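Now for the letters of each chain:
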Amino acid sequence: MAYKTILVAYDKSEQANRALVAAREFVEVGLADKIVALTAFDPREIGESTFAVTARMAGFEVEDTHPRPDEELFAEVKDAVDAALGDFASEVEIVVQHGVPQGLVLKYAHDHGCDLIVMGSRGLGAIQGLLGSVSQAVLQHADIPVLIIK
Ligand code: ATP
Ligand code: MG
């Protein structure tokens, strides 16, 4: 097998959906074993209080103040993966984590021995350009192949 585990960095954007479809093709033609879709929820984007975020950044332990439960975030990602992949979605492992996307993608790939990262060139952000900040950072720092889907 060319690739054991493909990590798809998934933010529910159109390009991330295309990244999922590309990863599915790798599996379908026998080039890869399995797919993990990782979605990072930046606490700053899901309504955590500014106080909690700032305190944590300053190194204090603060209680988890996430207003939206993990189950809800997971269900939201699962629905999007289902819509993008249809029946094949059941073969994709979905992982939801809290933190900065680029760091979590790189760490997950490293910790779990992923051997290919597939992601979109852009995501949900509005600013135009070749690469978003997440794809730019992952491409720059990954020590495994990164496939960027336009
Ligand atoms: P920016 O976020 O810098 O304003 P953008 O949203 O257009 O710009 P990125 O966020 O870099 O661009 O998105 C590029 C790709 O990175 C996405 O298609 C997706 O594959 C991945 N990605 C982005 N955000 C996340 C996230 N929160 N969790 C997992 N993967 C993500
Ligand atoms: Mg983005």
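This one's a predicted model, so the numbers in the text were calculated from it and none came from an experiment.

Participant: Account for the site of ligand 1, with residues named and values stated.
Facilitator: Taken together, 20 residues are adjacent to ligand 1, and Ala9, Ala40, Gly125, Ser133 and Val134 come closest. Within the side chain of Ser133, an N or O atom sits 2.5 Å from an oxygen atom of ligand 1. With respect to ligand 1, the backbone of Ser135 contributes an N or O atom lying 3.1 Å from an oxygen atom. Relative to its unbound accessible area of 610 Å², ligand 1 is 87% covered by the protein chains. Breaking the shell around ligand 1 down by element, the ones donating at least two residues are strand E2 (32-41), strand E4 (116-120) and helix H5 (133-141).

Participant: Hey, could you go over the sheet that holds E2 for me, with residue numbers and the actual values?
Facilitator: As a general point, the strands of a sheet are linked pairwise by backbone hydrogen bonds and lie either parallel or antiparallel. Ordered by their spatial adjacency, 5 strands build an open sheet running E3-E2-E1-E4-E5, and the pairing between neighbours is parallel. The open sheet is flanked by strand E3 (92-98) and strand E5 (146-149), the only strands paired with a single partner. Shown here is a sheet whose adjacent strand axes are inclined to one another by a mean of 25°, direction ignored. Where E2 and E3 come together, 7 bridges link them in parallel fashion. Following the sheet pairing, Ile35 is matched in E3 by Val92.

Participant: Lay out the side chain of Ser121 with the relevant residues and their values.
Facilitator: On the secondary structure map, Ser121 appears in the loop between E4 and H5. Here Gln15 takes part through its side chain, which lies 2.6 Å from a polar atom of the side chain of Ser121. Not counting chain neighbours up to four residues away, the residues in contact with Ser121 comprise Gln15, Leu130, Leu131, Gly132, Ser135, Ile148, Ile149 and Lys150.

The rules behind each value
- Residues numbered from 1 in each chain as written.
- Chains lettered and ligands numbered in written order.
- Predicted model: local features only at pLDDT ≥ 70, side-chain atom pairs only at ≥ 80, totals over all residues.
- Heavy atoms only, no water.
- Near = heavy atom within 4 Å.
- Polar contact = N/O pair within 3.5 Å; in protein donor to acceptor, adjacent residues only side chain to side chain.
- Areas by Shrake-Rupley, 256 points an atom, 1.4 Å probe, with all protein chains shown as cover.
- Helix = DSSP H or I, 4+ residues; strand = E, 2+ residues; numbered from the N terminus.
- Pairing = 2+ DSSP bridges.
- Axes fitted to C-alpha atoms, helices over the stretch in contact; angles between N-to-C directions.
- Contact = heavy atoms within 4.5 Å.

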